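Notes for the structure review
So you can see what is in the structure, the chains are spelled out below.
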Amino acid sequence: MADVLSETVQPEDLKNAASLKKIYHEQLYKNDVTPKAQFEYAWCLVRSKYPADIQKGIILLEELYKTHEEGQRDYLYYLAIGNARLKEYSKALNYVRSFLVIEPGNQQVLNLQQNIKKKMEKEGLVGMAMAGGVVLAVGAIVGVGMAIASKVKS
């Protein structure tokens, strides 16, 4: 299975994305947005490479989730993906858990859960390595400062 967390809208899909955006905004202007148009536009936004687009997609999906029961499985799935792509891993895992309450054995969602946990671990290790590097750098600076100070005293 491809990593859905790094999947973005492909160049050949950009034309379709522009069409979905146009449909959504036309309906929004008429104050008559269908759940289908909102979901399809949100789906494209969540798969964008731009965090602002992903956030916009999440907002649209959250609104759908609260107001439209029919597609809640899909909304939860893409809410999990969108939040994970923004590195909001705890929110993403909450959406995954909510989905698994509805459909406990869904392999696609179980795989998504594993991918999110792997990203958390990887970034946690990177974060710890960076923190360790900072501690070493500060220690080296303090050591050099102490060496200089002891030379000045002598």
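Residues numbered from 1 in each chain as written. Predicted model: local features only at pLDDT ≥ 70, side-chain atom pairs only at ≥ 80, totals over all residues. Heavy atoms only, no water.

**A few points about the overall build of the protein chain**
Of the regular secondary structure elements, the protein chain holds six helices and zero strands. In sequence order, the protein chain lays out its α and β elements as α-α-α-α-α-α. Looking at the protein chain residue by residue over its 154 residues, the buried ones come to 32%. The long-range share in the protein chain, meaning contacts at least 24 apart out of those at least 6 apart in sequence, stands at 53%. Of the accessible surface of the protein chain, which amounts to about 10200 Å², a share of 59% is contributed by carbon and sulfur atoms. (Helix = DSSP H or I, 4+ residues; strand = E, 2+ residues; numbered from the N terminus. Buried < 20%, exposed > 50% of the residue type's maximum accessible area, 1.4 Å probe, protein only. Contact = heavy atoms within 4.5 Å. Areas by Shrake-Rupley, 256 points an atom, 1.4 Å probe, with all protein chains shown as cover.)

**Topic: unusual backbone geometry**
Of note in this structure, asparagine 31 is not a glycine but carries a positive phi near 60°. Considering the arrangement of structural elements, one finds asparagine 31 in the loop between helix 1 (14–29) and helix 2 (35–46).

**Here we look at the packing of helix 2 against helix 4 (residues 72–85)**
At a closest axis distance of 10 Å, the pairing of helix 2 and helix 4 adopts a crossing angle of 25°. On the basis of the axis angle, helix 2 is roughly parallel to helix 4. Judged by the twist between their axes, the crossing of helix 2 over helix 4 is left-handed. Side by side, helix 2 and helix 4 meet where Pro35, Phe39, Trp43 and Val46 of the first sit next to Asp74, Tyr75, Tyr78, Ile81, Gly82 and Arg85 of the second. Here the residues of the contact of helix 2 with helix 4 are counted per class, giving seven nonpolar, one polar and two charged. (Axes fitted to C-alpha atoms, helices over the stretch in contact; angles between N-to-C directions. Parallel < 35°, antiparallel > 145°, perpendicular 65-115°, else oblique. Left-handed = near helix turned anticlockwise from the far one by under 90°. Nonpolar A, V, L, I, M, F, W, Y, C, P; charged D, E, K, R; others polar.)

**A closer look at the nonpolar core**
Ranked by internal contacts, the top residues of the largest apolar core, which has 31 residues, are Leu61, Tyr77, Ile81, Val96, Leu112 and Ile116. The set of elements that each furnish at least two residues to this core consists of helix 2, helix 3 (51–67), helix 4, helix 5 (89–102) and helix 6 (107–153). Top element by residues in this core is helix 4. It accounts for eight residues. Among residues more than four places away in sequence, those in contact with isoleucine 116 are Leu5, Ala80, Ala84, Tyr89, Ala92, Leu93 and Val96. (Core = buried A, V, L, I, M, F, W, Y, C linked by side-chain atoms within 4.5 Å.)

What is shown is where atoms sit, not what they do.
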